[in-house]
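Tertiary structure, described
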Amino acid sequence: MIRHTELGIHPFERSRQLKRLLDAGRIMLGGNLKLKIYGKINCASGKRMKVENRVFFESEFEAIANDFRPCGHCLRREHKAWKA
């Protein structure tokens, strides 16, 4: 799990580092640390969260291992299975 705030001090620096990690395939999912929800990087719900609450995962397995649940918007199928 990588916290967004660990990627740099300035927003531009964080943005560049995030792009590098995405291009390298080291980040596949994003999550909300306070709500313990993970979802796709391009999810509208994830784009609205505060930087200090945002975390990134390399895989779904890593997110589940950190006790996060699937997003009900972008991962509907996984969310239904989690809910059941």
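One structure accompanies this document, and this report is about it. The structure displayed is predicted, hence computed values, not measured ones.

Rules behind the numbers
Residues numbered from 1 in each chain as written. Predicted model: local features only at pLDDT ≥ 70, side-chain atom pairs only at ≥ 80, totals over all residues. Heavy atoms only, no water. Helix = DSSP H or I, 4+ residues; strand = E, 2+ residues; numbered from the N terminus. Phe/Tyr/Trp six-rings, centres within 6.5 Å; stacked < 30°, edge-to-face > 60°. Buried < 20%, exposed > 50% of the residue type's maximum accessible area, 1.4 Å probe, protein only. Expected span 1.5 Å × (residues − 1). Arc of directions from axis to C-beta. Contact = heavy atoms within 4.5 Å.

Before going further, it helps to spend a moment on unusual backbone geometry. Note: most peptide bonds trans; most residues except glycine with negative phi. The phi dihedral of Lys 36 falls on the positive side, at around 60°, and the residue is not glycine. Within the secondary structure, Lys 36 sits in the loop between strand S2 (29–32) and strand S3 (37–40).

In the structure shown here, the tally under the stated rule is one aromatic pair. Aromatic pair Phe 57 and Phe 68: ring centres 4.9 Å apart, planes at 70°, arrangement edge-to-face. Pair noted here: Phe 57 is in strand S4 (residues 54–57) and Phe 68 is in the loop between helix H3 (60–65) and strand S5 (69–70), with a separation of eleven residues, a long-range link.

This brings us to the environment of Arg 76. Here Arg 76 lies in helix H4 (residues 76–83). Given the relative accessible area of 56%, Arg 76 is considered exposed.

The next thing to look at is helix H1 (residues 11–23). Along its 13 residues, H1 runs 18 Å from first to last C-alpha, staying within 8% of the 18 Å computed at 1.5 Å per residue. Among the residues of H1, those classed as buried are Arg 14, Leu 18 and Leu 21. All buried residues of H1 lie within an arc of 65° about the axis, which places them on one face of the element. Relative to its buried face, H1 has exposed residues pointing more than 90 degrees away, namely Phe 12 and Asp 23. Next to the buried residues of H1 lie strand S1 (2–3) and S4. Note on H1: the residue one or two positions beyond its end, Gly 25, has a positive phi of about 80°.

So far we have only geometry, and geometry alone does not tell us how the molecule works.
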